[in-house]
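Structural overview
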Amino acid sequence: MTQFKAVLGVGGGIAAYKAAELARALIERGFSVQTVMTEAAQEFVRPLTFAALTGNKVITSMFGARSADEVLSSSVEHISVARDNQILVVAPATADLLARFAHGLANDFLTTLYLAFTGPVLAAPSMNTAMWEHPATQDNLALLRSRGVHVMPPDSGPLACGTTGAGRLPDPERIAAYALRLLLQRHDLDGETVLITAGPTREPLDPVRFISNRSSGKMGYALAEAASLRGARVLLVSGPVNLPPPDNVELISVQTAAEMHQAVMAHLEEATIVIKAAAVADYHLARVPPQKVKKTAMRLSLELDPTPDILAEIGRRKRDQLLIGFAAETENLVPEAKRKMETKNCDMVVANFVSQDGTGFESDENEVVMVMRTGETVSPPRGQKREIAAQILDQALKLRLALHSKS
Ligand code: CTP
């Protein structure tokens, strides 16, 4: 059963052979696949491989046809291929292809198709680490992302060129799953910039010790993934966590509350929605000793100073951003959430008990109550953090409509 139509654009990198597996993974997910290969790609894999796997003729050049009639029909083929397909998946997206996409070149079928294509584009880059890290490649990627191209960052590991580092094509199954999610997703966050904080902060006590908390970052990362899949540009300011960043989000890694404060304030103006899911340490040691503190037989007390309350400061500075805070509580859930909403000038506070087994910190599930500025409270059933993330975004959009229609 064919649900969706994809163009698979194959670039000329050693990972081109994995694009054959990707074609199969897409077909298994119900896609019909039209393959377009660059000239360089054909040096690595024969078009016949893709023709046999997909059951479709492979497009290998702009003017491949011979007779005048055929040339005429093939010269507008990029338009019909663009019109007839719902997604363009480019794998491997080489440094050269990314550069040509970013600069609007149309010097072969794939780059011409890219310009003519109005649906979602998913690029899975793969190349040598130095090429990936080169500012030219990174600038091209930033430009493509800002134009809405979905980019799956490459995996790290041993590369065909003999080095080890970032540059491996992600697992074809993951690329196919991402392509499917892009088509199933809604686009209700198109044009939004969502600034999300996640994870704990770490406040050093000396060069080897710190104070932190049990936050895993899972809720914030689930929100970042969900917002990105719904079309938002996502800035994820994250404390130290053991999670891979979701595809297609801009990750800003921080350690301390002060660093998180600085990163958030630097990007506040760009944001249309701010979600403060991080468990920020409330206290820190103002003067961290430069050397490791030695053990003695004496009692040791620490004198701690408060950290900046980032959420409260955003609440004071915000203009028309929608501001969503979190409240991790062990008692008086809703009254505490309401108090934090007032004192920190939030539009919504997502409150959860952190003492319950199986929800809250570290767990994959959560049970929350959303308290809105409008006075409404919404309590979705306990669920996976991914599902809760979707509900928080749904409620945020509803709330914004309600607040706008009042003003
Ligand atoms: N928060 C913040 N900066 C801080 C402390 C908290 O931005 N220095 C934010 C958190 O990201 C969260 C919200 O404030 O969105 C509530 O955090 P929580 O720890 O529940 O509340 P506190 O303000 O620390 O209040 P209390 O310790 O009284 O529960």
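Residues numbered from 1 in each chain as written. Predicted model: local features only at pLDDT ≥ 70, side-chain atom pairs only at ≥ 80, totals over all residues. Heavy atoms only, no water.

**Some remarks on the packing of helix H6 (residues 95-102) against helix H7 (residues 109-116)**
Two numbers describe how H6 lies on H7: the axes approach to 10 Å, and their chain directions differ by 40°. Overall, the two elements H6 and H7 adopt an arrangement that is oblique. The handedness of the crossing between H6 and H7 comes out as right-handed. Judged by residue contacts, Leu97, Arg100 and Phe101 of H6 engage Leu110, Thr111 and Tyr114 from H7. In the contact of H6 with H7, the residues fall into 4 nonpolar, 1 polar and 1 charged. (Axes fitted to C-alpha atoms, helices over the stretch in contact; angles between N-to-C directions. Helix = DSSP H or I, 4+ residues; strand = E, 2+ residues; numbered from the N terminus. Parallel < 35°, antiparallel > 145°, perpendicular 65-115°, else oblique. Left-handed = near helix turned anticlockwise from the far one by under 90°. Contact = heavy atoms within 4.5 Å. Nonpolar A, V, L, I, M, F, W, Y, C, P; charged D, E, K, R; others polar.)

**Regarding unusual backbone geometry**
Cis geometry is adopted by the peptide bond preceding Pro92, which originates at Ala91 and carries an omega value of -10°. Structurally, Pro92 is set in strand E3 (residues 87-93). Here Asn248, not a glycine, exhibits a phi torsion of approximately 70°, which is positive. If you check the backbone angles, Asn332 has positive phi at about 50° while not being a glycine. Looking at the secondary structure, you find Asn332 in the loop between strand E16 (322-329) and helix H14 (333-343).

**So, the environment of Arg233**
Tracing the chain through its elements places Arg233 in strand E11 (residues 233-238). According to the relative accessible area criterion, Arg233 is partly exposed, its value standing at 34%. Linking Arg233 and Gly220, residues 13 residues apart in sequence, is a C-alpha distance of 15 Å. Excluding its chain neighbours within four sequence positions, the residues that come into contact with Arg233 are Glu192, Thr193, Val194, Glu250 and Glu270. (Buried < 20%, exposed > 50% of the residue type's maximum accessible area, 1.4 Å probe, protein only.)

**Points about the nonpolar core**
Counting 35 residues, the largest nonpolar core has Leu223 and Ile275 as the members making the most contacts within it. Among the secondary structure elements, those contributing two or more residues to this core are strand E8 (193-198), helix H11 (218-229), E11, strand E13 (273-276), E16, strand E17 (348-353), strand E19 (368-372) and helix H15 (385-406). Of the residues forming this core, the biggest block, 8 residues, is contributed by H15. Once residues lying within four places of it in the same chain are set aside, the contact partners of Leu223 are Ile196, Ile275, Ala277, Phe326, Ala389, Ile392 and Leu393. With 34 residues, the next largest nonpolar core counts Ala20, Ala25, Ala91 and Leu122 among its residues. (Core = buried A, V, L, I, M, F, W, Y, C linked by side-chain atoms within 4.5 Å.)

**What about the site of the ligand?**
If you check the shell around the ligand, you find 17 residues, and the closest are Lys276, Ala278, Leu311, Phe326 and Lys344. Pro308 places a main-chain nitrogen or oxygen 2.9 Å from a nitrogen atom of the ligand. In isolation the ligand has 570 Å² of accessible area, and contact with the protein removes 79% of it. Counting only elements with at least two residues in the shell around the ligand, the list comes to helix H13 (310-317), E16 and H14. Classifying every residue of the shell around the ligand gives 9 nonpolar, 2 polar and 6 charged. (Near = heavy atom within 4 Å. Polar contact = N/O pair within 3.5 Å; in protein donor to acceptor, adjacent residues only side chain to side chain. Areas by Shrake-Rupley, 256 points an atom, 1.4 Å probe, with all protein chains shown as cover.)

**Details of the sheet that holds E11**
Strand order in the open sheet formed by 8 strands is E12-E11-E8-E13-E16-E17-E19-E20, and the pairing between neighbours is mixed. Of all strands in the sheet, those with a lone pairing partner are strand E12 (250-253) and strand E20 (377-378), marking the two edges. Strand direction decides the pairing type here: E11 and E12, joined by 4 bridges, are parallel. For Ser238, the partnering residue across the bridge sits in E12 and is Ser253. In the packing of H14 onto the sheet, contacts are made with E16, E17, E19 and E20, and the angle to E17 comes to roughly 150°. (Pairing = 2+ DSSP bridges.)

**Some remarks on the sheet that holds strand E5 (residues 150-151)**
Ordered by their spatial adjacency, 5 strands build an open sheet running E2-E1-E3-E4-E5, and the pairing between neighbours is parallel. Both outer strands of the open sheet, strand E2 (31-37) and E5, are each paired with one neighbouring strand and no more.

**Re the domain arrangement of the protein**
For the protein, the domain assignment lists domain 1 (4-183) and domain 2 (193-290 + 301-406). Here the C-alpha centroids of domain 1 and domain 2 sit 36 Å apart. Between domain 1 and domain 2, the residue contacts involve 10 residues of the former and 5 residues of the latter. Buried area between domain 1 and domain 2, both sides added, is near 650 Å², and the carbon and sulfur share of it is 44%. (Domains from an automatic or database assignment. Buried area = accessible area lost by both parts, 1.4 Å probe.)

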